[in-house]
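Inside the fold
Each chain is listed here by its residues.
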Amino acid sequence: MKHVRSIEELGVDGIVRILKVAEHMAEVNRRPVPKVPALVGKTVVSLFFEDSTRTRISFETAARRLSADTMTFSVSTSSVNKGESLRDTVETVSAMGVAAFVVRHKSSGVPWQMANWTDASIVNAGDGWHQHPTQALLDCHSIIGAFGIEPTPSCLRGLTITIVGDVRHSRVARSDIEAFTALGATVRLVGPRTLMPPDATPWGVEITDDFDATLRDSDVVYMLRMQRERMNEALVPHLGEYSTRFGLDAVRAARMKDGAVVMHPGPMNRGVEMMIDPSELPRSLVTNQVASGVSVRMAVLFDVLGGQEVAS
Ligand code: CP
């Protein structure tokens, strides 16, 4: 594919293809020198108009491990501060010879707009509330790794994945719901009605506000970050009350199904949705998710840039 902008565009075949390549990339990452010459001569630009720790660093790590050249665009020191438009910024950077843009922006749809202004590949690193496809891919990669599953079109069939919290403002949730259901999982959403999207009917998922009732039969408990920066109204009466009803604490963790895993995309709000340190959970995948991010983003860059065979 030329671009990776949404899970819908990837489709189930694209998801499985990337998960398979990510397994090869994970093997590369276990080598003493985790680097292959797949993207020599290609330049990958990180264009982040919103803050990021793990997505930006893992994309840059992924590009370097494939021997691509990397450019980091720093909005705070760029001519955006002099009023330069997004279009002019993209066309200017593109003229320097860019193979792929990795873009994060607060506005939904920016990765599609950008594709009108450059011949480079576009990889969506998060657009508004809309999509964060590589987070969903790395989450799938973490889950199949934890449960010892091969990547196939129905590889999550039989698993119940419970996504807890602020679904309404979450591009991670939107991308995960699409990817998990595409691969056959049963997906359930838990949270206060005010933090659910107005209409989740097209997703075909169960919605409940009874977190405790979901613990015993969930194979994956996926905690979402409370996105206070995206809220312009009081959607929960009090954070303490939210934590009491929807936070994961030691008591709830102890009630989880044997073998069930806990996930969180990060960054996490300790004391809000996470009332327990993930390191105290026997089956936390939080650090696996970060490690999966490098392998999956290597696979995504390899896919969009048509890299050479992954050989040592
Ligand atoms: N999960 C995620 O997108 O984290 P960052 O905002 O740190 O990139």
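See above for the structure.
Cut-offs and rules
- Residues numbered from 1 in each chain as written.
- Predicted model: local features only at pLDDT ≥ 70, side-chain atom pairs only at ≥ 80, totals over all residues.
- Heavy atoms only, no water.
- Helix = DSSP H or I, 4+ residues; strand = E, 2+ residues; numbered from the N terminus.
- Expected span 1.5 Å × (residues − 1).
- Bend = angle between axes of the 7 residues up to and from the residue.
- Near = heavy atom within 4 Å.
- Polar contact = N/O pair within 3.5 Å; in protein donor to acceptor, adjacent residues only side chain to side chain.
- Areas by Shrake-Rupley, 256 points an atom, 1.4 Å probe, with all protein chains shown as cover.
- Nonpolar A, V, L, I, M, F, W, Y, C, P; charged D, E, K, R; others polar.
- Domains from an automatic or database assignment.
- Salt bridge = Lys/Arg side-chain N within 4 Å of Asp/Glu carboxyl O.
- Buried < 20%, exposed > 50% of the residue type's maximum accessible area, 1.4 Å probe, protein only.
- 1 Å grid on protein atoms, 1.4 Å probe; cavity = no way out; pocket = protein on both sides within 12 Å on 5 of 7 lines; lining within 4 Å.
- Points joined across faces, edges and corners; volume = space filled by probe spheres on them.

1. Details of helix α1 (residues 7-30)
Counted at 1.5 Å a residue, the expected span for α1 with its 24 residues is 34 Å, but the 28 Å between its end C-alpha atoms falls short. Residue Asp 13 marks the point of greatest curvature in α1, where the axis turns by about 70 degrees.

2. Looking at the site of the ligand
Around the ligand, the neighbouring residues are Ser 52, Thr 53, Arg 54, Thr 55, Arg 104, His 132, Gln 135, Pro 265 and Gly 266. Arg 104 places a side-chain nitrogen or oxygen 2.9 Å from an oxygen atom of the ligand. The protein chains hide 90% of the 260 Å² of surface that the ligand would expose on its own. Classifying every residue of the shell around the ligand by side-chain character gives one nonpolar, six polar and two charged. Residue-level mapping places the shell around the ligand at the junction of two domains, with at least three residues from each of domain 1 (7-131 + 291-304) and domain 2 (133-289).

3. Focus on the pattern of salt bridges
A side chain of one charge can pair with a side chain of the opposite charge if their charged atoms are brought near each other. Throughout the structure, instances matching the rule amount to 12 salt bridges. For Asp 219, the salt bridge goes to Lys 257, with nearest N and O atoms at 2.8 Å. In this pair, Asp 219 sits in the loop between α7 (211-214) and β8 (220-223) while Lys 257 sits in the loop between α9 (250-254) and β9 (261-263), placing the two residues 38 residues apart along the sequence. The class of Asp 219 is buried, set by a relative accessible area of 8%. With relative accessibility at 32%, the residue Lys 257 sits in the partly exposed group. Taking the shortest distance from any N to any O, the salt bridge between Asp 277 and Arg 270 comes out at 3.3 Å. On the basis of relative accessibility, which here comes to 29%, the residue Asp 277 falls in the partly exposed class. Residues joined by salt bridges that share partners form a network here, namely Arg 188, Glu 206 and Asp 217.

4. Topic: empty space enclosed by the protein
It is a probe the size of a water molecule, rolled over the atoms, that shows where empty space is left. One pass over the structure, following the stated rule, counts one cavity of 30 Å³ or more. Each pocket or cavity is described by its volume, and for the largest cavity that value is around 60 Å³. Of the residues assigned to the lining of the largest cavity, the class counts are three nonpolar, four polar and two charged. Structurally, the lining of the largest cavity is a two-domain feature, drawing no fewer than three residues from each of domain 1 (7-131 + 291-304) and domain 2 (133-289).

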